[in-house]
Amino acid sequence: MKPLRGMKVLDLTTLNGFATMTLADYGAEVVKVERPETGDPIRSWGPFKNGVSPYQAFLDRGKKSITLDITSAKGKEVFLELVKEFDVVVENFRVGKMEELGLSYEVLEKANPKIILASLTGFGAVGPWKDFPAFDIIVQAKTGFMEFTGFPDEPPALIGFPIADQYSCLYLASAIGAAYFHVLRTGIGQHVSTSMWEALFSAQEDKMMYTQLGQPPKRLGNAHPEINPYDIIKCKDGYMTLGISTDPQWAAFCHQFGKSEWAEDPKYKDMEPRGMNYFNDLRPKLEEMLKEYTMAELDAGCIAAKVPAAPCNTIEMAMNDPQIKLRKMVVEVEDTRLGKVSMVGKTAKFHQDNENDNCFESAPNLGQHNEVYFKEVLKYDDKKIADLKSEGII
Amino acid sequence: MSMIKKPFEGIKVLDFTQALAGVFATWQLADLGADVWKVERYGMGDQSRTWPPFINDLSVLYASFNRNKRSISIDTGKDEGKKLILELVKHVDVVVENFKVGTMEKLGIGYEELIKVNPKLVYASAAGFGIEGPLAKLPCYDNVAASRGGLVSRTGRPDGPPIKPGYSVCDNWTGLNLFNALTMALIEREKTGKSVRVDVSMTDCAFYVNDWPMLEYSVFGTIPQRNGNQDPTVAPYGEYAAKDGYVVLAVTTEKTWKKFCNLLSLDHLLTDERFADNDSRLKNINDLIVEIEKVTKTMGKYEIESLLAKNKVPAGAVMTVPEVMVSGHALDSGMVQVMDQERIGKLFTTGIPMHFSKTPGEIRTGSPMLGDHSVEILKEAGIEDSKINSLIENKIVEVYKR
């Protein structure tokens with residue numbers, strides 16, 4: 001199923017195409033509007049293979065590409081003609097840039113009252129940090145997220161993937177979906193936006209409320225403060241995660257691994273004493289025990305005993321995990337320039353999906369679809385197209 | 001002007017989700033105007049109501065994920081409770097659940113049963129591993145999904161253990177994915193008028209964040225190792241100690257490097273061969289950290305931030321949530337709000353991170369007491385007063401008493 005089929009998107013974003021990739025993955029027609037000659041700087045993100053950036057191949061999968069200099073007066077005119085044919089414009093310029101370009105929401109709305117303008121920024125359109133550079137690491141630092149990650153006796157830990165990018169882009173894709181739903185119901189477009197900082201800060205759960213209680217939250221490493229063993233423990237060939245959160249799960253774990261005496265021991269039998277005796281007593285014993293087992297052995301034992309647990313899979317291991325494979329989270333994309341590339345699949349599994357819905361088209365070359373959009377959609381004749389080209393507009 | 005003032009105004013959701021992942025998704029719908037009927041277990045409600053910490057016996061975790069929703073408490077284990085659910089389903093657009101796989105079917109209210117009474121239903125599920133496959137029926141928690149999906153392998157020092165992000169990322173990230181899925185399902189239904197079923201899994205969502213390294217593995221055959229608090233490709237780009245905490249730096253060009261050294265009186269590093277270019281700085285990263293920290297450790301984190309940021313050198317203080325929430329930015333951006341929460345009074349809550357110029361979301365109410373809206377929801381579903389009274393007497397429906 002392609003729930004977003006029929007949604008037409010003009011994509012002005014650079015270096016961060018996650019939000020529009022999500023739209024394309026679910027069937028939207030996403031057209032990248034790129035600077036003539038150079039295109040989206042993502043195209044020059046190395047390392048390269050066959051002269052192509054794999055990052056571009058990934059982020060632009062299933063999209064189309066046209067070239068257009070929207071900073072020129074003529075280019076702007078062409079852009080506004082395109083806006084009439086589309087449903088959504090997505091941009092991640094710095095705050096105020098769209099207005100400077102003469103492409104504010106009001107201008108777009110005049111061209112097409114149904115248009116949705118979607119904006120992504122680093123820290124939002126207002127507030128003292130609005131001009132801070134939108135690096136993921138800075139957003140992690142300035143939301144409290146980083147300070148809350150890691151062990152108490154070590155520095156805060158930098159989360160090893162661009163978490164603020166991921167959250168903000170999915171919020172933006174969802175906001176576009178919500179605004180599109182509104183257009184379907186009412187015919188009225190609008191301006192939607194989010195920022196990396198707002199998106200990541202909104203994931204702070206109950207930490208502000210802890211603060212209100214006078215118990216400012218503290219980072220605790222991998223263990224739970226009260227319910228244990230809910231922790232990550234070293235084993236023979238890597239690390240194992242235990243998610244034991246009830247007494248029956250604890251008993252099942254003990255019996256499975258020949259430690260029935262722990263299941264009966266009053267120090268560990270019930271959750272509360274088990275939590276109190278965890279860090280100084282039970283954890284060292286578990287470390288001794290787990291040393292004797294491999295991740296695969298522990299995984300098999302925990303699955304057999306229905307104990308919530310998992311090996312700390314490396315990416316290679318996760319890619320080969322039977323459950324993850326079965327869920328089609330690894331897909332092969334035939335890129336026209338790179339050949340077969342393994343990429344991550346989609347997270348929303350529609351039950352009406354067929355095989356084709358987990359296939360993605362190759363990312364486009366720069367300006368590959370100029371003819372389609374300038375000639376077939378805007379009905380420009382060959383001379384007009386040649387003129388625009390010679391003037392460097394397209 | 002349209003009469004519809006919110007993106008999901010008029011959309012009714014029968015919400016069976018508990019604890020966090022699914023609850024996060026229906027919270028987003030509620031913020032954007034959906035009418036969420038939270039179905040809670042008779043007698044005890046959502047399990048997260050029992051999770052500490054508490055203010056006046058109310059779990060603040062529960063309070064933070066359930067604002068704008070209404071609570072109806074039903075004993076779904078009893079036949080009459082099941083019948084009641086089938087009646088309510090006729091009046092809603094969406095059903096969301098995150099039970100253990102197979103539970104809804106066991107209760108007699110699985111997808112196939114529900115679309116018999118409501119053929120236009122959107123039905124969405126969140127599960128630990130997905131609704132099919134060898135692990136489908138096993139218990140799963142945030143840290144379990146994060147580990148199996150390879151997410152925890154990304155954070156921590158190369159010679160240390162993997163580190164789980166401090167918040168329940170698999171829960172709220174899965175919730176966000178489910179919210180996006182629900183948005184798309186509603187679009188599909190709006191276009192076709194037909195039922196849509198969708199599910200997301202915590203492990204899939206955890207795995208999704210491995211997009212870059214997986215790509216690099218596929219194209220170049222290399223898998224990047226976790227790299228502690230420093231970036232493996234750019235230096236200095238990472239965390240540095242200050243007098244009163246930590247700062248992060250993101251110095252990505254030679255021009256910025258020069259400016260950075262000038263501003264922190266580290267000019268001697270510019271002529272030091274060990275730091276001549278990005279490659280040398282990466283090779284000598286441990287020496288570089290020592291040299292930079294000689295200065296940063298003598299300065300306050302905000303002092304460093306403002307000196308560098310003012311001069312367009314990307315830097316930021318590592319802040320605690322209590323520090324962030326009283327910052328001018330949190331207040332100006334509206335991301336710190338105060339809501340009226342029954343039993344507590346004024347309670348801090350986050351603003352809505354999605355802005356809509358014509359149909360903004362809104363914080364209308366705090367989180368509901370168990371069964372607080374049982375009667376009004378049943379009335380809205382057209383159930384007669386005498387029937388409602390007998391449901392309450394027979395302990396099928398619970399009503400919150402003030």
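Notes on the structure in this doc start here. (Residues numbered from 1 in each chain as written. Chains lettered and ligands numbered in written order. Predicted model: local features only at pLDDT ≥ 70, side-chain atom pairs only at ≥ 80, totals over all residues. Heavy atoms only, no water.)

### So, the environment of Asp25 of chain A
Residues and elements named next belong to chain A. Put simply, the rule reads: Here a helix means four or more residues in a row that DSSP labels H or I, a strand means two or more in a row labelled E, and each is numbered from the N terminus. Throughout this description, buried means an accessible area under 20% of the type-specific maximum (1.4 Å probe, protein chains only), exposed means over 50%, and partly exposed covers the range between.
In this fold, Asp25 is placed in helix H1 (residues 18-25). Judged by its relative accessible area of 4%, Asp25 is buried. Spatially, the C-alpha atom of Asp25 lies 8.0 Å from that of Arg61, the residues being 36 residues apart in sequence.

### Here we look at the interface of chain B and chain A
Much of the literature gives interface size as the accessible area that the parts lose upon coming together. Applicable threshold: Any pair of residues with heavy atoms lying within 4.5 Å of one another is described as a contacting pair. Note on terms: buried area is the combined drop in 1.4 Å-probe accessible area of two parts once they are placed together, counting the loss on both. Whenever a carboxyl oxygen of Asp or Glu lies within 4 Å of a side-chain nitrogen of Lys or Arg, that contact is scored as a salt bridge.
Each partner contributes to the interface: chain B provides 140 residues, whereas chain A provides 137 residues. Carbon and sulfur atoms supply 68% of the area buried between chain B and chain A, which totals about 12500 Å² over both sides. Looking at the side of chain B facing chain A, the largest losses of area belong to Arg148, Tyr167 and His329 of chain B, adding up to 7% of the total buried there. Across the chain B-chain A interface, the total number found is nine salt bridges.

### Overview of the packing of aromatic side chains
Spelled out, the test is: The aromatic pairing rule takes the rings of Phe, Tyr and Trp, using the six-membered ring of Trp, and pairs them if the centres are within 6.5 Å, calling planes under 30 degrees apart stacked, those over 60 edge-to-face and the rest tilted. Whether a charge lies above a ring is judged from NZ of Lys or CZ of Arg, which has to be within 6 Å of the ring centre and within 35 degrees of the ring normal.
The final tally for this structure, using the stated rule, is 30 aromatic pairs over all chains. Geometrically, the ring pair formed by Tyr278 of chain A and Phe279 of chain A is edge-to-face, given 5.2 Å between the ring centres and 80 degrees between the ring planes. A residue is classified by how much of its surface remains accessible, and Tyr278 of chain A, at 0% relative accessible area, is buried. You can call Phe279 of chain A partly exposed: its relative accessible area is 41%. Counting every residue linked through ring pairs, the aromatic cluster contains Phe18, Trp45, Tyr55 and Phe58 of chain A together with Trp212 of chain B. Over the ring of Phe360 of chain A we find Arg61 of chain A; its NZ or CZ atom is 3.9 Å from the centre of that ring. Here the guanidinium or amino end of Lys142 of chain A rests over the ring plane of Trp129 of chain A, the centre of that ring lying 4.0 Å away.

### Brief notes about unusual backbone geometry
All names here are of chain B. With an omega of 0 degrees, the peptide bond running from Pro52 to Pro53 counts as cis. Within the secondary structure layout, Pro53 lies in the loop between strand E2 (35-41) and strand E3 (54-55). The omega angle of the peptide bond from Ala235 to Pro236 is -5 degrees, so this bond is cis rather than trans. Here Pro236 is to be found in the loop between helix H9 (211-220) and strand E9 (237-242). Of note, the phi angle at Asn56 is positive, near 50 degrees, even though the residue is not glycine. With phi around 75 degrees, Arg343 is a residue other than glycine that occupies positive phi space. Among the secondary structure elements, Arg343 is positioned in the loop between strand E12 (336-341) and strand E13 (345-350).

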